[in-house]
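Understanding the architecture of this molecule
Next come the chains, spelled out residue by residue.
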Amino acid sequence: MKQVVYNQYGNSDVLKVEHKDRPALKRRNSMLIKVSYSSLNAIDWKNRKGHFKLFTGLFKPKTKQGFDVVGIIEDKSKDVSEFSIGDQVIGQLGNFDGGALSEYLVVNTKEFVKIPKGIQLNQAAGIPMAGTTAWMALMELGNLKKGDKVLINGGSSGVGHFAIQIAKAYGAHVTSVSSSKNLTFCTQMGADTVISYQEENFLDKEAQFDIIFDVVFNSSYKKTKHLLGTNGIYIGTTPSKTMVFELLRYQKAKFVAVQPNKNALQSLIHLMEENKLKVNIDKEYLLDDIIPAHQYLEKSRTKGKVIIKIAK
Ligand SMILES: NC(=O)c1ccc[n+]([C@@H]2O[C@H](COP(=O)([O-])OP(=O)(O)OC[C@H]3O[C@@H](n4cnc5c(N)ncnc54)[C@H](OP(=O)(O)O)[C@@H]3O)[C@@H](O)[C@H]2O)c1
């Protein structure tokens, strides 16, 4: 089977598609998945470049590439009753494992849910890490309620376009910040108010928000606190020095740390079934084209998601 591997940190040409043996089932909670699609996340190029070496291996990468998995169960260990062979499933691999960019995978059942018929697999593949990040930020950290005023800084990004749709689905009033070329896209995703960062600075607005979700993380709690209502919170996405300092100092500063979250995944799939959530597929690449896919991702101009088709 084909699998994307990287044995050193660096530019996209460190990525190789190699032939490996199919992984063997484990004795418990184990399923063999024939992977249909995956999707890329900013963490994939950041891991490849060694941005998180402390966690991914100081001298040599220990994590594999790719976290989002959509595929079909080909085999399972005897104790698995929740799933059947032939089920379509979706899941997110652990942050310290990865390996979704592979034709076959052995996974733990606890990270997976079924995909109902009628949902397109390439659409679903965009959901796991980016959708879960948006869900955890707004619903778990933000306790989003109907009528809340939410600002999403980076509404056209992978995480951002999910955040707009989740906030709308749960009855919030959404303000999205993006470049001018993406204003219409953010409106289509459901934003009520759109701001172009090329035309105005959202920090100069006279408004009060219950949640500011700084997806692209070019602001801070301190810079945005005049825009927060009495119980308003600021949520960042990047573990920078400023973020750590603010987390320790201010109760209203939060940081989302995504991890596999079955409840979030199930809720996002339900929203998709109800036509309240879609994945904007900016580009779809074949597994063999992982290098151009990474080159595109790393430009950070993706509108929605980059999908990788794995099964022929
Ligand atoms: N902490 C966590 O658990 C966690 C989880 C997932 C992601 N993240 C982080 O969250 C960030 C977003 O991830 P992602 O996958 O959504 O990224 P992405 O899809 O690669 O982001 C690209 C998008 O960002 C927009 N953008 C770039 N600069 C902008 C700016 N100054 N203002 C507004 N929009 C801007 C671009 O639109 P334009 O071309 O219009 O500018 C493009 O649509 C990354 O830094 C990622 O590492 C953290």
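Bear in mind the structure is a predicted one, so any value in this text is a computation, not a measurement. (Residues numbered from 1 in each chain as written. Predicted model: local features only at pLDDT ≥ 70, side-chain atom pairs only at ≥ 80, totals over all residues. Heavy atoms only, no water.)

Next up on the list: the domain arrangement of the protein chain. When cut into domains, the protein chain gives domain 1 (2-126 + 279-309) and domain 2 (129-255). Placing the centre of domain 1 and that of domain 2 at their C-alpha centroids yields a distance of 27 Å. Contacts between the two partners involve 14 residues from domain 1 and, on the opposite side, 12 residues from domain 2. Both faces considered, domain 1 and domain 2 share a buried interface measuring about 1000 Å² in area, 57% of it formed by carbon and sulfur atoms. The tally of links between domain 1 and domain 2 comes to zero salt bridges. Inspection of the domain 1/domain 2 interface yields four residue pairs in polar contact (both at pLDDT 80 or more). The class makeup of the residues in the side of domain 1 that touches domain 2 is three nonpolar, seven polar and four charged. (Domains from an automatic or database assignment. Contact = heavy atoms within 4.5 Å. Buried area = accessible area lost by both parts, 1.4 Å probe. Salt bridge = Lys/Arg side-chain N within 4 Å of Asp/Glu carboxyl O. Polar contact = N/O pair within 3.5 Å; in protein donor to acceptor, adjacent residues only side chain to side chain. Nonpolar A, V, L, I, M, F, W, Y, C, P; charged D, E, K, R; others polar.)

Further remarks concern the UniProt feature "domain: Enoyl reductase (ER)" (unreviewed entry) in the protein chain. Sites flagged by UniProt as "domain: Enoyl reductase (ER)" (unreviewed entry) map to residues 10-308. Annotated as residues 10-308, this span is 28% helix and 27% strand, and its ends, taken at the C-alpha atoms, are 21 Å apart. (UniProt positions renumbered as here; feature names shortened; annotations may be inferred. Helix = DSSP H or I, 4+ residues; strand = E, 2+ residues; numbered from the N terminus.)

The next thing to look at is the site of the ligand. For the ligand, the set of nearby residues contains 24 residues, the closest of which are Ser 179, Tyr 197, Val 256, Arg 301 and Thr 302. The side chain of Lys 181 places a nitrogen or oxygen atom 2.9 Å from an oxygen atom of the ligand. Taking Asn 218, its side chain carries an N or O atom lying 3.1 Å from a nitrogen atom of the ligand. Expressed as a share of its isolated accessible area of 930 Å², the protein-covered part of the ligand is 87%. Put simply, the parts of the chain that give the shell around the ligand at least two residues each are α1 (42-49) and α5 (158-169). The class makeup of the residues in the shell around the ligand is 10 nonpolar, 11 polar and three charged. In terms of domain composition, the shell around the ligand takes at least three residues from each of domain 1 (2-126 + 279-309) and domain 2 (129-255). (Near = heavy atom within 4 Å. Areas by Shrake-Rupley, 256 points an atom, 1.4 Å probe, with all protein chains shown as cover.)

The subject of this paragraph is the layout of surface pockets. Here the second largest pocket defines a volume of roughly 390 Å³. Surrounding the second largest pocket, 22 residues form its lining, Lys 26, Lys 64, Leu 105, Val 106 and Val 107 being those nearest its centre. Residue contributions to the lining of the second largest pocket peak at five residues, all from strand β6 (residues 104-108). Of the residues that constitute the lining of the second largest pocket, the class distribution is eight nonpolar, seven polar and seven charged. (1 Å grid on protein atoms, 1.4 Å probe; cavity = no way out; pocket = protein on both sides within 12 Å on 5 of 7 lines; lining within 4 Å. Points joined across faces, edges and corners; volume = space filled by probe spheres on them.)

Helix packing for two helices is described by the angle between their axes and how far apart those axes are. Close contact between helix α4 (residues 128-141) and α5 brings their axes to 8 Å; oriented N to C, the two are set at 50°. It follows that α4 is oblique to α5 by the angle criterion. Handedness of the α4/α5 crossing: right-handed. Of the residues in α5, those touching α4 at Ala 130, Gly 131, Thr 133, Ala 134, Trp 135, Leu 138 and Met 139 are Gly 158, Val 159, Phe 162, Ala 163, Ile 166 and Ala 167. Split by residue class, the contact of α4 with α5 holds 10 nonpolar, three polar and no charged. (Axes fitted to C-alpha atoms, helices over the stretch in contact; angles between N-to-C directions. Parallel < 35°, antiparallel > 145°, perpendicular 65-115°, else oblique. Left-handed = near helix turned anticlockwise from the far one by under 90°.)

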